[in-house]
Amino acid sequence: MVQSELDSSFLDDVLVEAWLLEGEDEEPVASAFTYAGPEQEHGWFALHVPPGSYRLTFSRFDMHDAEIASVIVVADQVHDVGAVKLAARQGILIRVFDSVFAGSMEGVEVALAGPEGFSKSAVLDSDGRVYFDELAGAGEYTVVASKDGYIAAEETVTYSGSFLELSLGLEPDLTCTPTTVNDSLTNMGFEDELVGWTQGFAREGVEVVGADEFTQPWEGDHMARLGHTYDSDATNQPEGPNLLCQDFVASRDNEAFSFNIFTYDYTGFDEFHFDVAVIEPDSGEVLASYTQGAWAEGTDLKTSGWRTATVDTSAHIGETLRFVVRSGGTEDDLYGFWTYLDSAEDAAPPVNLDVSADTATGSVNQDPVTGQFTVTFPTAEPSDLTLTFPAVCTDESIQPEVTVLYDGVPYPALGDGDGLFQATIPKTAIAASVTGGVISTQVECVGQTTLVTTLGQIVLYDPSGFVTDAATGEPVKGAEVLLHKVPGWTPNEEGTLEPGTCETNESKAAGAPWGQPAPVHLGVPVSAASPEIDPNVNPQLTNASGYYGWDVAKGCWYVTVRADGYLDLVSPVVGVPSAVTDLDLALVPVPVIPPPTPGGGGGGGGTPATAPVNTAKPTITGTAKVGETLTATPGTWNTEGLTFGYQWLRDGEAIAGATGTTYVATAEDSTHGLSVRVTASKTGLPNGTADSTAVTVAAGDAPVASAPPAITGDPEVGETLTASEGTWDLTGLTFGFQWERDGEPIAGATSSTYQVVEADRGSELTVVVTASKPGYADGTATSDGVDVPEGEEPPVDPEPVATTTTVSLVDRVVRLPQRGVVKVRVVREDGEAAVGRIAVKVNGKVVAERKVREAADGQVRVKLPKLKRGVHKVRVVFTGGEGVESSTSDRVLLKVRPAKRHGGPKGGGQLVDIPTSKELLAMLWG
């Protein structure tokens, strides 16, 4: 067994490795993690080795390594090495990863500053982490991680004196400010030596070059090359990236650009990145993006080939936008890395559109733009995947050597003599991967460029999901996820749960979270060798995105999750089929509390003869407000190996069905006290219980109107006006109405309709709508006003004076659901304000009428109705008035843009809105 030297508590997740004392083997003979299974105590391990003499090593990232120098193992004999104690580390472990590609980063400078002027720094090596152990004591420490081409990340943490782990993600730096503006992205300026372009960070540099030996540029005789070629093998090619940007005026619905990434790969140059962003310069908003990265390992001449991506600028015609390109790769000590970039009048044909993928049990979906496909295997038995595709050499007399790469593993492709090749990825290789992987082709022609092209990806799931930090929402990497099955239970597909059944997608409400508590007293951990699961790995460790997943047979399943620094978690039980791909789980960090007093004599506390005793009360985290999610932690107890049950209480009374670690506060909870009762259980012991401190639930946030109420009808005396409710961000609302005259409430006018009376003449009428929902604060919204005409029009001057009407826009560009506002002024030829009425026209149609008053100096503001996206012509007509002639303003243009949205393309597809890093990875590289 393995214990902590500090308090003799048993340690899980310790890596134990056995090394032969004789020989120079680079790998251990056997290894295992300490783990508490159903029949084991915490901290135990077992290694199966042949007879011999061994050295045992013990390691865990938050503990100091330990070693037993010599252990002699005799045949058919169990050797007990006794208790091994590890000393806890004291310090801060910092990990840094690329937030786009999620991989560990090297070459990052990490600076740590703390109390009493403490300051240290280090540069990360290939494992992407650094450990600071000689600190200035407890207190606040500030961590800054920086690297050329990335935005520096900074975080302040509180160090209590015990081990602390911190992960930081670096975002690519696309900061670049051009000095001039090009007319269009399709006129990139390469013919005139980068006119209109600005270089941001550039490690290798940017040049304008002519056609290269491989292909002609898409437009004109010149293109840009990011990075340099080197003539001498004594020159090292440093890691990128190179940054280039320009501002351009959008003049077409779609702007196209082309790129070709090219490198020699003789000494390990196996990765590249190519990022593109289209940005609104004034706001910094990213309107579209494209990301491509990394090909497989190998020593050869490589290129992505010419590819084309398209930017959708239809909603920004006439606007100045910013185009930013970032390109770079890992270091090679012989040859260069570079990216060619050119504009494109027309997009190139999609890559790989003529590839076919056939499988017996999987599902194949192909992107019509990029030609890349996704193959999903949601069943317990993945089948062979056969790919058919063309491949030829420029010199047709040369027969290409073609290979299919699945996660870097090669599978030979056989040709039919007519340029068509076929390769099969066996189901055993697919089953061996945890989440699937990327598929590429490698085409080699003697004396020519080797082309590596991404075809698509394989995805395995069911059940699957992501593990995140409940406090920060960040993914938890390296969490141990153990799959359990509930024997004898069956999936329920009818909608009503019966004893011995579990919830499925068909029986729970669409979109509702999984919420049926797992019957942990019945569940059994699944053997890694079980034919019911695929891959045959149990437990799994989450990847950098926090992902885990299996294919499983029909049945009822749940997982338990354990991770250093977090409380253990038991998921809800889920039924398969149909596929379960959203079993997302949030881990609650361990509360920082003083450790309990150790039990007697180094035995880890022993086995208590009474019920477990709570030493620190359960807690509730989250915002205590209607509609918000609260999370319970079990507190700390004087007994190890416990399992926990939860019961949420309202004013001390149990809430039916509320037995999970999380609870969403309802309207019934408003103004009441919520607490959670935790029951601690262990076989052979009475149960222990403890209640958390109650939290008072506040009313939910008031509903907010996304579109205000509107008044319809003729605002004339005797006519009836009608008010709409508007559009709100909550459902289940009730509405109240209050009509106002010049901003003052009208007594008794509290229905959705109102009849105009004499007292309203010459006034502005509005309506205030109040939205109500039990448990939530009330929300209000006021309509735009309507003017009620005066009773009599003044006599017309027999010789009216000429007038001038001018109009301007408060904002020439608005984004839905916002509405445009115009400012109008009408003056007589003698400079005095005119009195009369105006009509506001949009695209030739009258949309509003208002009165121009002398007291307002002939000025009036008018809010336009909600318009569709596009460019609209606005003109104002003054229809005349007392002693003045009519006049018409010049036309102004109002641009209405669509509402902000998310989502994005795959591969080289059309670019719309920027997706998140995780989405880009899922769409491009699996």
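Residues numbered from 1 in each chain as written. Predicted model: local features only at pLDDT ≥ 70, side-chain atom pairs only at ≥ 80, totals over all residues. Heavy atoms only, no water.

Of regular secondary structure, the protein chain possesses two helices and 79 strands. When each of the 926 residues of the protein chain is scored for burial, the buried share is 46%. Across the protein chain, every contact between residues at least 6 apart in sequence was considered, and the portion connecting residues at least 24 apart equals 64%. Here the protein chain displays about 43,600 Å² of accessible surface, and carbon together with sulfur accounts for 50% of that area. (Helix = DSSP H or I, 4+ residues; strand = E, 2+ residues; numbered from the N terminus. Buried < 20%, exposed > 50% of the residue type's maximum accessible area, 1.4 Å probe, protein only. Contact = heavy atoms within 4.5 Å. Areas by Shrake-Rupley, 256 points an atom, 1.4 Å probe, with all protein chains shown as cover.)

Of the two faces of strand β8 (residues 109-113), only the one carrying V110 and L112 is buried; E109, A111 and A113 on the other face are not. Where β8 meets strand β9 (residues 119-123), five bridges bridge the pair, whose relative direction is antiparallel. In the sheet register, A111 faces β9, and the bridge partner there is S121. If you look at the hairpin formed by β8 and β9, you'll find five residues sitting between the two strands, and E116 has a positive phi there, around 55°. (Pairing = 2+ DSSP bridges.)

We now examine the packing of aromatic side chains. For the coordinates displayed, the defined rule picks out 12 aromatic pairs. Their ring planes at 45° and their centres at 6.2 Å tell us that W728 and F735 sit as a pair that is tilted. Taking relative accessible area as the criterion, W728 reaches 11% and is therefore assigned buried. An aromatic cluster is present here, built from F190, W197, F257 and F323 joined pairwise through their rings. In this arrangement the basic side chain of R89 is found over the ring face of Y131, its NZ or CZ atom lying 4.6 Å from the centre. (Phe/Tyr/Trp six-rings, centres within 6.5 Å; stacked < 30°, edge-to-face > 60°. Lys NZ or Arg CZ within 6 Å of the ring centre and 35° of its normal.)

Before going further, it helps to examine the pattern of salt bridges. It is possible for side chains bearing opposite charge to pair when their charged atoms get close. Under the defined criterion, the tally for this structure stands at 22 salt bridges. For the salt bridge of R95 with E165, the shortest nitrogen-to-oxygen distance reads 2.4 Å. In this pair, R95 sits in strand β7 (residues 92-98) while E165 sits in strand β14 (residues 164-172), placing the two residues 70 residues apart along the sequence. Taking relative accessible area as the criterion, R95 reaches 26% and is therefore assigned partly exposed. For E165, a relative accessible area of 31% corresponds to the partly exposed category. Across the salt bridge formed by R677 and D691, the nearest N and O atoms sit 2.8 Å from each other. Residue R677 is located in strand β57 (residues 673-681), and its partner D691 is located in strand β58 (residues 688-691); the two are separated by 14 residues in the primary sequence. Shared partners join several salt bridges into a network, and the residues in it are E280, E319, K895 and R897. (Salt bridge = Lys/Arg side-chain N within 4 Å of Asp/Glu carboxyl O.)

Moving on: the sheet that holds β9. If you trace the four strands from one edge of the open sheet to the other, you get β9-β8-β11-β13, paired in antiparallel fashion. Looking at strand neighbours, the two that pair on one side only are β9 and β13 (153-159), the edges of this open sheet. Strand after strand, the sheet turns through a mean of 20° between neighbouring axes, direction not considered. (Axes fitted to C-alpha atoms, helices over the stretch in contact; angles between N-to-C directions.)

Mapped onto the elements, N182 comes out in strand β15 (residues 181-182). Overall, N182 belongs to the buried group, its relative accessible area being 8%.

Below, the discussion takes up the sheet that holds strand β33 (residues 414-415). The antiparallel open sheet is built from four strands, whose spatial order is β27-β30-β34-β33. Each of the sheet's edge strands pairs with one partner strand only, and the pair in question is β27 (356-359) and β33. By the bridge criterion, four bridges tie β27 to strand β30 (residues 385-390) in an arrangement that is antiparallel. Bridge assignment links S356 to a residue of β30, and that residue is T388.

Here we come to the state of the cysteines. Put plainly, two cysteines are in a disulfide when a covalent bond ties their sulfur atoms together. Summed over the entire model, instances satisfying the criterion amount to three disulfides. Two residues share a disulfide in this structure: C176 and C245, whose sulfurs sit 2.1 Å from each other. Between C176 and C245, the S-S torsion sits near -70°, and that sign places the bridge as left-handed. Placement of the pair is C176 in the loop between β14 and β15 and C245 in strand β19 (residues 242-249), with a sequence separation of 69 residues. When its relative accessible area of 6% is taken as the criterion, C176 is described as buried. With a sulfur-sulfur separation of 2.0 Å, C502 is cross-linked through a disulfide to C556. Negative torsions about the S-S bond denote left-handed disulfides, and the value of about -85° found for C502 with C556 makes this one left-handed. With C502 in strand β40 (residues 501-502) and C556 in strand β46 (residues 555-562), the pair connects residues that are 54 residues apart, well separated along the chain. What makes C502 buried here is its relative accessible area of 0%. (Disulfide = S-S within 2.5 Å.)

What follows covers the nonpolar core. Ranked by size, the top nonpolar core spans 33 residues in total, and within it F190, L194, W197, F257, F323 and L341 carry the most contacts. In terms of nonpolar packing, the next biggest core, distinct from the first, is built from 24 residues, V355, V402, I425 and I430 among them. (Core = buried A, V, L, I, M, F, W, Y, C linked by side-chain atoms within 4.5 Å.)

Glancing now at a negative patch on the surface. On the surface, E191, D192, E193 and D221 cluster together to form a negatively charged patch. For E193, a relative accessible area of 55% corresponds to the exposed category. (Patch = residues over 30% accessible without salt bridge, like charges linked within 9 Å, V, L, I, M, F, W, Y side chains within 5 Å. Lys, Arg positive; Asp, Glu negative; His and termini not counted. Charge placed at Lys NZ, Arg CZ, Asp CG, Glu CD.)

For the protein chain, mean pLDDT is 79; residues scoring 70 or higher make up 80% of the total. This model gives residues 36-40 a pLDDT under 50, and the stretch forms five contacts once residues within four places in sequence are excluded. Here residues 294-299 scores under 50 on pLDDT; set against residues more than four positions off or in separate chains, the count is 22 contacts. (pLDDT = per-residue confidence, 0-100.)

What follows deals with unusual backbone geometry. Cis geometry is adopted by the peptide bond preceding P817, which originates at L816 and carries an omega value of 10°. Counting through the fold element by element, P817 comes out in the loop between β71 (813-815) and β72 (821-828). Even without glycine at this site, D651 takes up a positive phi of about 50°. According to the relative accessible area criterion, D651 is partly exposed, its value standing at 48%.

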